[in-house]
Amino acid sequence: MQAFRKAVEANDPDAVEALLAENVVFTSPVAFRPYPGKAITAAILRGVTRVFEDFRYVREINSADGRDHALVFVARVGDREVNGCDFIHLDEDGLIDDLTVMVRPLSGAEALSEAMGAQFERIQQEAAGA
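Structural notes, computed from the coordinates. Predicted model only: the values in this text are computed from it and were never measured.

**Examining the overall build of the chain**
- The secondary structure content of the chain amounts to 4 helices and 6 strands.
- Ordering the α and β elements of the chain from the N terminus gives α-α-β-β-α-β-β-β-β-α.
- For the chain, the C-alpha atoms occupy an extent of roughly 40 × 35 × 30 Å along the three principal directions.
- The contacts in the chain between residues at least 6 apart in sequence include a share of 46% that link residues at least 24 apart.
- Counting every atom, the chain has about 7100 Å² of accessible surface; 50% of that belongs to carbon and sulfur.
- With 13 positive and 22 negative side-chain charges, the chain shows a spacing of 5 Å between the two charge centroids.

What follows is the structure in structure tokens.
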């Protein structure tokens, strides 16, 4: 998923949003319920760019049919290192219809949860177009 990877690495939220299907479902590493829809997913991903520091992808795994991808990353949240993976599925039009993020270790996930919680009011406003 080179287009997504390049957009994320370039810190280009508009390019990331353009790759999302309207019906995309985002599954967070720190929230119980998934977030359905392009607006909230794009806003969450913008929030993540404000929270992660020194973000970089270190590995990419792609399925033979080109519709499933795993992008392994490392980053920092405050003083905690986070290792994670973006699991991406593409619909028949080549847009992302499923994005699941997993992170470790627990201390990194807790730091991410706290930092994203502090962003969530802004995320909701961005998703609503405010």
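**Some points on helix H3 (residues 38–51)**
- Taking 1.5 Å of rise per residue, 14 residues should cover 20 Å, and H3 covers 20 Å from first to last C-alpha, within 8% of that figure.
- Looking only at H3, the buried set comprises Lys 38, Ile 40, Thr 41, Ala 42, Ala 43, Ile 44, Leu 45, Arg 46, Gly 47, Val 48 and Val 51.

**Notes on the pairing of strand E6 (residues 96–104)**
- Pairing between strand E1 (residues 20–27) and E6: 4 bridges, direction parallel. Residue Phe 26 lies in a different strand from E6, and its bridge partner there is Leu 99.
- Bridge count for strand E5 (residues 80–90) against E6 is 8 bridges, and the pairing is antiparallel. Residue Gly 84 lies in a different strand from E6, and its bridge partner there is Val 103.
- Between E5 and E6, which pair antiparallel in sequence order, lie 5 residues; one of them, Gly 94, sits at a positive phi of approximately 85°.

The rules we used
- Residues numbered from 1 in each chain as written.
- Predicted model: local features only at pLDDT ≥ 70, side-chain atom pairs only at ≥ 80, totals over all residues.
- Heavy atoms only, no water.
- Helix = DSSP H or I, 4+ residues; strand = E, 2+ residues; numbered from the N terminus.
- Contact = heavy atoms within 4.5 Å.
- Areas by Shrake-Rupley, 256 points an atom, 1.4 Å probe, with all protein chains shown as cover.
- Lys, Arg positive; Asp, Glu negative; His and termini not counted.
- Charge placed at Lys NZ, Arg CZ, Asp CG, Glu CD.
- Expected span 1.5 Å × (residues − 1).
- Buried < 20%, exposed > 50% of the residue type's maximum accessible area, 1.4 Å probe, protein only.
- Pairing = 2+ DSSP bridges.

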